[in-house]
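# Architecture and fold: a report
The lines below spell out each chain.
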Amino acid sequence: MTETIAPSTVANVITADYTIVIQNLTKRYPGRREAALDNLNLSIPSSQILGLIGANGAGKTTLLKIIATLISSSGGDVLVNNVSVRKKPQEVRRLIGYLPDDFGLYEEMRVGEYLEYFAACYGIQGKARSRLVNELLQLVDLGDRRKESLRGLSRGMKQRLGLARCLVNDPQILLLDEPANGLDPRARIELRELLRELSRMGKTIVLSSNILVDMNECCDTLAVLAGGKLTAHGPVSQISSQGESQKNRSVSIRVINQADLAKAYEAARAFPPVVEDSIEVDQAGLRLELTLVGDEPTCAALLSHLIASGVPIVHFGQTAARLEEIFLES
């Protein structure tokens, strides 16, 4: 006799090991011929960081907004801890924290007041609220900024404060849209470390970013979107290997002082294989980050060129920038 399994039981079996399960998800906007999302299927394991990559218009923000229950889908569904975003959006909202690309801050507030306000919105009162705010500020390394005006914070500090706001309700899932956008290299490193710490704490994180070096360093898995379709999905190493024919390299250079940093910048600009628009200067960290069109011998030639230009090099590191090819093709 064949045993019949109820549909609800099947769903529980399928989603048991995943925090988010996206099923045949489609989104069409009025007036647009092409679908923003086209029959998308994707499962995201618990306590992992998934990076969404793809060109502008690929569907990354639309996907995050549907999971966050901010917009509805045209077809399909998303299950968050086996809860349908379509059928029970209020229940899903209790499970997530969402940081949009351009989140607003009440700049007349102070740092502590900002988090206290959102804690009050969640009904957290008295000593519990004060304790929570202190813990969140320590977590995002803003403990000594509690009484400062939001207006005076740097972009990186505002991003960390926005992330703290997402954590007020202790969500299991964080949805982050371009969280590193506009940050300098030092702030990006700090953000990556914070996200890894949150992952170790058991949070499932889905983020979109066009800064592919950060995705390579931060994420456990990657999902590549193009035209609303999923074109690749897997561990970072697996997705990166798909671009092995690309001979670009991401190079990081650290020097001794500011004068050396200026000299390294000019020398890098004069080296033809360096993509000039890719050069980023970290003044505080005395570091250059750039993209080099070339392979191992080209990296060696760049290092020789810097030394010949009189630049004392403290550190020279490079990795294959294979994700660039996948991103540009998307």
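Residues numbered from 1 in each chain as written. Predicted model: local features only at pLDDT ≥ 70, side-chain atom pairs only at ≥ 80, totals over all residues. Heavy atoms only, no water.

## Thoughts on helix α7 (residues 185-200)
Filter applied, for reference: Strands are runs of DSSP state E lasting at least two residues, helices are runs of H or I lasting at least four, and both sets are numbered from the N terminus onward. To estimate the expected span of a helix, subtract one from its residue number and multiply by 1.5 Å. Between buried and exposed lies partly exposed: a residue is buried under 20% and exposed over 50% of the maximum accessible area for its type, with that area taken using a 1.4 Å probe on protein chains only.
Across its 16 residues, α7 extends 23 Å between first and last C-alpha, which sits within 8% of the 22 Å expected from 1.5 Å per residue. Of all the residues in α7, the buried ones are P185, A187, R188, L191, R192, L194, L195, L198 and S199. G202 sits one or two residues past α7 and shows a positive phi near 100 degrees.

## Observations concerning the sheet that holds strand β3 (residues 49-53)
What links the strands of a sheet is backbone hydrogen bonding, and the strands pair in either a parallel or an antiparallel sense. Selection rule: The rule for pairing is simple: two strands pair if DSSP sees at least two bridges between them. Note on method: axes are straight lines fitted to C-alpha atoms, helices fitted across the in-contact stretch only, with angles between N-to-C directions ranging 0 to 180 degrees. Should any heavy atoms of two residues lie within 4.5 Å, those residues are counted as being in contact.
Strand order in this open sheet of six strands is β6-β7-β8-β3-β9-β10, and the pairing throughout is mixed. Of all strands in the sheet, those with a lone pairing partner are β6 (96-99) and β10 (229-235), marking the two edges. Strand after strand, the sheet turns through a mean of 15 degrees between neighbouring axes, direction not considered. Seen against the sheet, helix α2 (residues 60-67) touches β3, β6, β7 (173-177), β8 (204-208) and β9 (221-226) and runs at an angle of roughly 150 degrees to β7.

## Looking at helix α6 (residues 155-166)
The terminal C-alpha atoms of α6 lie 17 Å apart, and with 12 residues this matches the ideal 16 Å at 1.5 Å per residue to within 8%. For α6, the tally of buried residues reaches 11 of 12 residues, placing the bulk of the element in the interior. Buried residues along α6 sit against β6, α4 (111-121), α5 (126-139), β7 and α7.

## As for the confidence of the model for the chain
Which entries qualify depends on this criterion: Each residue gets a pLDDT score, which is the predictor's confidence in that residue and runs from 0 to 100.
Here the chain averages 86 in pLDDT, while 88% of its residues score no lower than 70. Taken together, the stretch residues 1-16 has pLDDT below 50 and engages in six contacts with residues farther than four places along the chain or on a different chain.

## Brief notes about the side chain of N169
Positionally, N169 belongs in the loop between α6 and β7. Judged by relative accessible area, which is 18%, N169 ranks as buried. Sequence-distant contacts of N169, that is, excluding residues within four places in its chain, are made with R93, R94, I96 and Y122.

## A look at the packing of α4 against α5
Packed helices, taken two at a time, are described by their axes: the angle between them and the distance between them. Short version of the rule: Working rule for angles: under 35 degrees goes down as roughly parallel, over 145 as roughly antiparallel, 65 to 115 as roughly perpendicular, anything else as oblique. Two helices crossing with the near one rotated counterclockwise from the far one by less than a right angle form a left-handed crossing, whereas a clockwise rotation gives a right-handed crossing. Residues are sorted three ways: Asp, Glu, Lys and Arg are charged, Ala, Val, Leu, Ile, Met, Phe, Trp, Tyr, Cys and Pro are nonpolar, and all the rest, Gly among them, are polar.
Packing of α4 against α5 leaves a shortest axis separation of 10 Å and a crossing angle of 125 degrees. For the element pair α4 / α5, the angle class is oblique. As for how α4 packs across α5, the hand of that crossing is right-handed. From α4, V111, G112, L115, E116, A119 and A120 reach across to α5, where they touch R129, L132, V133, L136 and L137. Class assignment for the residues of the contact of α4 with α5 results in eight nonpolar, one polar and two charged.

## As for the environment of V111
You can see V111 is positioned in helix α4. Considering only alpha carbons, one finds V111 and R145, 34 residues apart in sequence, at a separation of 6.6 Å. Those residues within four positions of V111 in sequence are excluded, and the remaining contacts are L137, R145, R146, E148, L150, L153 and L161.

## Topic: the pairing of strand β11 (residues 248-254)
Along β11, six of the seven residues are buried, which leaves the element largely enclosed by surrounding structure. Bridging between β11 and strand β13 (residues 287-293) involves seven bridges; their strand directions are antiparallel. Bridging across to β13, I253 finds its partner in L288.

## Observations regarding the pattern of salt bridges
To keep it simple, the criterion reads: In what follows, salt bridge is the name for a side-chain nitrogen of Lys or Arg lying within 4 Å of a carboxyl oxygen of Asp or Glu.
In the structure shown here, the tally under the stated rule is 14 salt bridges. A salt bridge links D144 to R145; the shortest N-O distance between them is 4.0 Å. The exposed category is assigned to D144, whose relative accessible area is 64%. Members of the salt-bridge network, linked through shared partners, are D144, R145 and E148.

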